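These are the residues of each chain, in order.
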Amino acid sequence: MKVRFAILLFICFGMASAQTKKFNSQDISVSPLIDGTLLLPKLEEPMPLVIIIAGSGPTDRNGNQQMMENNSLRFLAEELYEKGIASYRYDKRIVKQMKQKDLIERNIRFDDFIKDAILVTEYFIKGGEFSKIYIIGHSQGSLVGMVAAQGRADGFISIAGAGQEIDDVIVDQLAKQAPGLVESARMAFDDLRVNGIALNYSPGLASIFRADIQPFIRSWMNYNPKVEIAKLDMPVLIISGDKDLQVQVSEAELLQQAKPDAAYKIFPNMNHIMKFIEGNDIENSKSHNQYNLPIMPELIETLDVFIKN
């Protein structure tokens, strides 16, 4: 049996195309590997800027991947625009590398995503156009964002972010989905952490422990979200949804425990991609490929109040 996780979409190829926008927007390349879109409301006074960092896999600025178009991050940016909040969202570097056909999987490191987020943040700090700069990190982007925000941003928002190190998150997922693989996974992660390589693991774990992605996993394991979020000397908002199939509410609880002064909100019926779900897991899964399903209005109201306080 092979187990695949939404949190580990490293080898998907291609991405969904962005749709025509009806907003005051500007495409900005911050570096040769960072292409994104700035949405800039037409207001006379200085406004806050939100930098949106995407989650796992080759995710584009709109929140999409190959065969998966939900436009979650695009809708997030557009709804913030309507509230008078500017945003910059960008394609993860692996999106461009795949387009250019020069992606070498074994060379990917978690630190690369942190460096990109820092570069984006410092680009807009240097520009000096915005009253404040906030970082929103979604899923994997939560950990990326909380590291990048340190000493740079005016505030940080975690949406669907994990509170444990990634190996512990995956082991917990296995305990629920494939408990027979837990012991093998735990031993392989321990080998990877100590020796830099894992050689002995169940064939059912091949999607996690393939040789080419082990360096990436190991570099990701070097960061503990509880440690990183505690370093933030700024307003912090932690958000999760109780319909999230990828990241449990308990992960948000761990972040809140590590940062007790953070604002904390759990949205009933919100799933991993910030959509309202009333039905079962089938409806939930289908929403990940519904291009026109809006994100939850209550989420936007909460973000608006937090950012403008």
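Residues numbered from 1 in each chain as written. Predicted model: local features only at pLDDT ≥ 70, side-chain atom pairs only at ≥ 80, totals over all residues. Heavy atoms only, no water.

Digging into the overall build of the protein
- Secondary structure summary: the protein contains 12 helices and eight strands in total.
- A compact globule built from 309 residues should have a C-alpha radius of gyration of about 19 Å, and the protein, at 19 Å, falls within 12% of that.
- Each principal axis of the C-alpha atoms in the protein carries an extent, and together these give about 60 × 40 × 35 Å.
- Counting every position in the protein, which comprises 309 residues, the buried fraction comes to 56%. (Helix = DSSP H or I, 4+ residues; strand = E, 2+ residues; numbered from the N terminus. Rg over C-alpha atoms; globule rule 2.2 N^0.38 Å. Buried < 20%, exposed > 50% of the residue type's maximum accessible area, 1.4 Å probe, protein only.)

Considerations on helix α1 (residues 72-82)
- Within α1, nine of the 11 residues are buried, leaving the element largely enclosed by the surrounding structure.
- Restricting attention to buried positions, one finds in α1 the residues S72, L73, R74, F75, L76, A77, E78, L80 and Y81.
- Positive backbone phi, approximately 85°, marks G84, located one or two places after α1.

Topic: the sheet that holds strand β3 (residues 49-53)
- Strand order in the open sheet formed by eight strands is β1-β2-β4-β3-β5-β6-β7-β8, with mixed pairing between adjacent strands. Two strands close off the open sheet at either side, each with one partner strand: β1 (25-31) and β8 (263-267). Each strand axis lies, on average, 20° off the axis of its neighbour in the sheet, ignoring direction.
- Note: β3 against strand β5 (residues 133-138), five bridges, orientation parallel. The residue bridging I52 from the neighbouring strand is I136, located in β5.
- In the packing of helix α12 (residues 297-308) onto the sheet, contacts are made with β3, β5, β6 (155-159), β7 (236-241) and β8, and the angle to β7 comes to roughly 175°. (Pairing = 2+ DSSP bridges. Axes fitted to C-alpha atoms, helices over the stretch in contact; angles between N-to-C directions. Contact = heavy atoms within 4.5 Å.)

Considering the side chain of E165
- Mapped onto the elements, E165 comes out in the loop between β6 and α5 (166-177).
- With sequence-adjacent residues up to four places away left out, E165 is seen in contact with R193, M221, Y223, N224 and P225.

A closer look at the packing of helix α6 (residues 182-195) against helix α8 (residues 214-221)
- Closest axis-to-axis distance for the α6/α8 pair is 10 Å, and the angle between their directions is 80°. Here α6 lies roughly perpendicular to α8, going by the angle between them. Within the contact between the two elements, α6 uses F189, L192, R193 and V194 and α8 uses Q214, I217, R218 and M221. (Parallel < 35°, antiparallel > 145°, perpendicular 65-115°, else oblique.)

Section: the nonpolar core
- With 60 residues, the main nonpolar core has L49, I51, Y88, F110, F124 and F189 as its most contacted residues.
- Beyond its immediate chain neighbours, meaning those up to four positions away, F124 contacts I28, L38, L49, I51, Y88, F130 and I133.
- Core analysis: the second largest hydrophobic core is formed by 29 residues, I52, A160, I239 and I295 among them. (Core = buried A, V, L, I, M, F, W, Y, C linked by side-chain atoms within 4.5 Å.)

Thoughts on the confidence of the model for the protein
- Per-residue confidence for the protein gives a mean pLDDT of 93, with 93% of residues at or over 70.
- Scored below 50 in pLDDT, residues 1-19 shows 69 contacts in the model against residues more than four places distant or in partner chains. (pLDDT = per-residue confidence, 0-100.)

Quick look at α12
- A rise of 1.5 Å per residue sets the reference length of α12, with its 12 residues, at 16 Å; its end C-alpha atoms lie 17 Å apart and thus fit the reference within 8%.
- As for α12, its buried residues are in contact with β3, α1, β5, β6, β7 and β8. (Expected span 1.5 Å × (residues − 1).)

Regarding the packing of aromatic side chains
- Using the criterion set out here, one finds 13 aromatic pairs in the structure.
- An angle of 65° between the planes, with centres 5.8 Å apart, marks the rings of F113 and F216 as edge-to-face. Linking F113 in helix α3 (residues 110-127) with F216 in helix α8, this pair joins segments that are 103 residues apart in sequence.
- Under the relative-accessibility criterion, F216 is labelled buried at 2%.
- These aromatic residues form a ring-pair network of at least three members: Y88, Y90, Y123, F124 and F130.
- It is K92 that lies over the ring of F113; its NZ or CZ is 4.3 Å from the centre.
- Over the aromatic face of F267 sits the side chain of K265, whose NZ or CZ is 5.5 Å from the ring centroid. (Phe/Tyr/Trp six-rings, centres within 6.5 Å; stacked < 30°, edge-to-face > 60°. Lys NZ or Arg CZ within 6 Å of the ring centre and 35° of its normal.)

What to know about the pairing of β1
- Bridging between β1 and strand β2 (residues 34-39) involves six bridges; their strand directions are antiparallel. Opposite D27, over in β2, you have T37 as the bridge partner.
- Here β1 folds back onto β2 in antiparallel fashion, the turn holding two residues.

Quick word on the packing of α3 against α8
- Where α3 contacts α8, the axes come no closer than 7 Å and their chain directions differ by 60°. Between α3 and α8, the angle is such that the two are oblique. Residue-level contacts link F110, D111 and F113 of α3 to F216, S219 and W220 of α8.
- Taken together, the residues that form the contact of α3 with α8 break down as four nonpolar, one polar and one charged. (Nonpolar A, V, L, I, M, F, W, Y, C, P; charged D, E, K, R; others polar.)

Focus on the side chain of D35
- With respect to the secondary-structure elements, D35 resides in strand β2.
- A polar contact is formed between the side chain of D35 and the side chain of K96, at a distance of 3.0 Å.
- Leaving out residues up to four positions away in the same chain, D35 has contacts with I28, S29, R61, Y88, Y90, D91 and K96. (Polar contact = N/O pair within 3.5 Å; in protein donor to acceptor, adjacent residues only side chain to side chain.)

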